[in-house]
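Each chain, letter by letter, is given below.
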Amino acid sequence: MKLTEKEIEIIEILEKDARIPIETLAKMVSLSVKETEAIMKKLEEMKVIVQYAALVDWRKVDGHEGVTAMIDVKVTPKRGVGFDEVAERIYRFPEVKSVYLMSGAYDLSVVIEGRSMSEVAQFVSEKLSTLDSVISTTTHFILKKYKHDGTVFDQGDQDRRIVMAP
Amino acid sequence: MQRTKKSYLSETVARLKPSGIRRFFDLASSMEGVISLGVGEPDFVTSWNIREACILSLEQGYTSYTANAGLLELRQEIAAYLARKFHIEYDPETEILVTVGASQAIDLALRATVNPGDEVIVVEPSFVAYESLVTLAGGVPVPVETNGDDHFKLRADQIERVITDRTKALIICSPNNPTGTVLHKEELEAIAQIAKKHDLLIISDEIYAELTYDDSYISFAAVDGMRERTILISGFSKGFAMTGWRLGFTAAPAEILQAMLKIHQYAMMCAPTMVQYGAIEALRNGEQDVEYMRKSYRRRRNYFVQSLNEIGLSCHMPGGAFYAFPSIQSTGLTSEQFAEKLLLEEKVAVVPGNVFGASGEGYIRCSYASSMEQLQEAIKRMKRFLDRL
């Protein structure tokens, strides 16, 4: 679908900061609050804006550290539906955070989040590997997140400029 | 017999006014929790690819002098950039010079062209250095005041009124620091007519050319018949967020450029080598980042200027740079009083308009090159301040 320049600008701003007050957002794109609201509603209805999410650093929350694993999955595609059917079977599990069809050495990249390593291991061995189409899995645990979805974790954003300058 | 101790200082320097920003810098620096709208530089850090190119040049051992005029490779990139962006052709061998910041280029332009007593027209409000650099070059700065009610547009007839037999040159800056005003095609053409009629040299400071928000930018050198009498000055500080790198450039007809090069080779030798390698990368692969920064500034401008008007500080919509220049005349305070009171009472640092020349009185310069959070907080504080007055 073709969006207007203003619509794209609103998406760009919201993607960076979904909690920006609508009055501020409206001023930034030189529209009225009403017009801005209408555009946001339209974008939500069209599913261009799919969700307003918070990016959380769970390591900082006691008891919520969790474990993230990226699993390379080789599968046998099925006639007529290709990879879609097996991908759907995988992404329906609540433990699965994302599924991508990949080119290269394996077919699907699956991101799993669990409370512990053994929980992830259990999911892989009991649920994922046992699917008919799955040929093999290789599990990589994420040890530390430095940057996620374009955001650098724990980055000091202090202003290094002097207070007055020509 | 007691002899009067002689001064070691040159009389010109002794007479030179210190920058009006200095006092506010000292005051603001001594306070904590200040929101600074006083900075004339991007809040972005130079893009990583540019920093990386600089580091690589060091790793590879490029630590010696370059040609006086700068690396030929960089001058070629600058020529390509000027042709691509502003449709002006310059010969990288003889018409482009890499300088230590655009400031040095302005100094060179004046020193290479001004004879003692020559008058140089300076459009005010203006960047604080112009007037002093004219004086240091032995010239006489002649201010032309633009008017806030007219959005600080430079009108050709204003220039004509101050022209004398001694008038040599005119310094213009578009987009302007501090007003953000951009001169459009017809305005530039009208000024060009005057320049031709009176045989004036134009020193065109185009350091903010990358930061225009509403129309595409027209370089003064690209105006019909102007290339031969224009010294184009620009640099990497503002558009590419490279203020601390101190890298600028200038393009001019060979005769003028070579005269500037003469001074540069004695005074500076050449711009720092590793920085020049960073600049090559900036011109080759920096476009996307510049576009990203320009977009951010435009959004902040829209927000900030509308908010200033809402809280009662009337402000025209600046077409470029990253400064808002609102009027504070409704408060009955002078720009110095306003800036000082605002700083002390609400910890928001702005620059009083009078430091940019007499016509800046009654205005303040606010840089909106700050995060949206900071700008929102600044507006909140300024509103509180105004409500109390």
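- For chain A, the name recorded in an unreviewed UniProt entry is DNA-binding Lrp family transcriptional regulator, with Parageobacillus toebii NBRC 107807 as its organism.

Here we look at helix α3 (residues 48–59) of chain B
Residues and elements named next belong to chain B.
Logical step 1: For α3, built from twelve residues, the straight-helix expectation of 16 Å at 1.5 Å per residue is met to within 8% by its first-to-last C-alpha distance of 16 Å.
Logical step 2: Every buried residue of α3 is accounted for by Ile50, Ala53, Cys54 and Ser57. Viewed end-on, α3 has its buried residues packed into an arc of 100°, placing them on one side of the element. What points out from α3, more than 90 degrees from its buried face, is the exposed set Trp48 and Glu59.
Logical step 3: A positive phi of about 85° marks Gly61, the residue just after α3.

Examining the sheet that holds strand β7 (residues 230–235) of chain B
Residue and element names in this part refer to chain B.
Logical step 1: Taken in spatial order, the seven strands of this open sheet run β2-β8-β7-β6-β5-β3-β4, and their pairing is mixed. Every other strand in the sheet has two partners, leaving β2 (96–99) and β4 (140–145) as the edge strands with one partner each. Neighbouring strand axes in the sheet, compared pairwise and without regard to direction, differ in orientation by 20° on average.
Logical step 2: Pairing geometry for β7 and strand β8 (residues 248–251), over four bridges, is antiparallel. Residue Leu232 lies in a different strand from β8, and its bridge partner there is Ala251.

Observations concerning the interface of chain A and chain B
Logical step 1: Between chain A and chain B, the residue contacts involve 18 residues of the former and 35 residues of the latter.
Logical step 2: Both sides together, the interface formed by chain A and chain B hides about 2,100 Å², and carbon and sulfur atoms give 56% of it.
Logical step 3: Linking Lys27(A) and Glu310(B) is a salt bridge whose minimum nitrogen-to-oxygen distance equals 2.9 Å.
Logical step 4: Elements that contribute at least two residues to the side of chain A that touches chain B include exactly α1 (5–16) and α2 (22–28) of chain A.

Here's the deal with the pairing of β4(B)
Residue and element names in this part refer to chain B.
Logical step 1: The sheet contact formed by strand β3 (residues 119–124) and β4 spans six bridges and is parallel. Its bridge partner being in β4, Glu124 is matched across the sheet by Glu145.
Logical step 2: For the handedness criterion, the β-α-β arrangement of β3, helix α6 (residues 129–136) and β4 is classed as right-handed.

Observations concerning the pattern of salt bridges
Logical step 1: By the definition in use, this model includes 39 salt bridges over all chains.
Logical step 2: Its salt-bridge partner being Glu9(A), residue Arg299(B) comes within 2.8 Å of it at the nearest N-O pair. Note that Arg299(B) is positioned in helix α11 (residues 287–310) and Glu9(A) in helix α1, a pairing that runs across two chains.

Looking at the environment of Leu283(B)
All names here are of chain B.
Logical step 1: Residue placement: Leu283 occurs in helix α10 (residues 273–285).
Logical step 2: A relative accessible area of 6% means that Leu283 is categorised as buried.
Logical step 3: Between the alpha carbons of Leu283 and Ala80 there is a distance of 9.0 Å; along the sequence they are 203 residues apart.
Logical step 4: Apart from the residues lying within four places of it in its own chain, the contact partners of Leu283 are Leu74, Glu77, Ile78, Tyr81, Arg84, Phe236 and Phe240.

Conventions used here
Residues numbered from 1 in each chain as written. Chains lettered and ligands numbered in written order. Predicted model: local features only at pLDDT ≥ 70, side-chain atom pairs only at ≥ 80, totals over all residues. Heavy atoms only, no water. Helix = DSSP H or I, 4+ residues; strand = E, 2+ residues; numbered from the N terminus. Expected span 1.5 Å × (residues − 1). Buried < 20%, exposed > 50% of the residue type's maximum accessible area, 1.4 Å probe, protein only. Arc of directions from axis to C-beta. Pairing = 2+ DSSP bridges. Axes fitted to C-alpha atoms, helices over the stretch in contact; angles between N-to-C directions. Contact = heavy atoms within 4.5 Å. Buried area = accessible area lost by both parts, 1.4 Å probe. Salt bridge = Lys/Arg side-chain N within 4 Å of Asp/Glu carboxyl O. Right-handed = clockwise from strand over helix to strand, strands pointing away.

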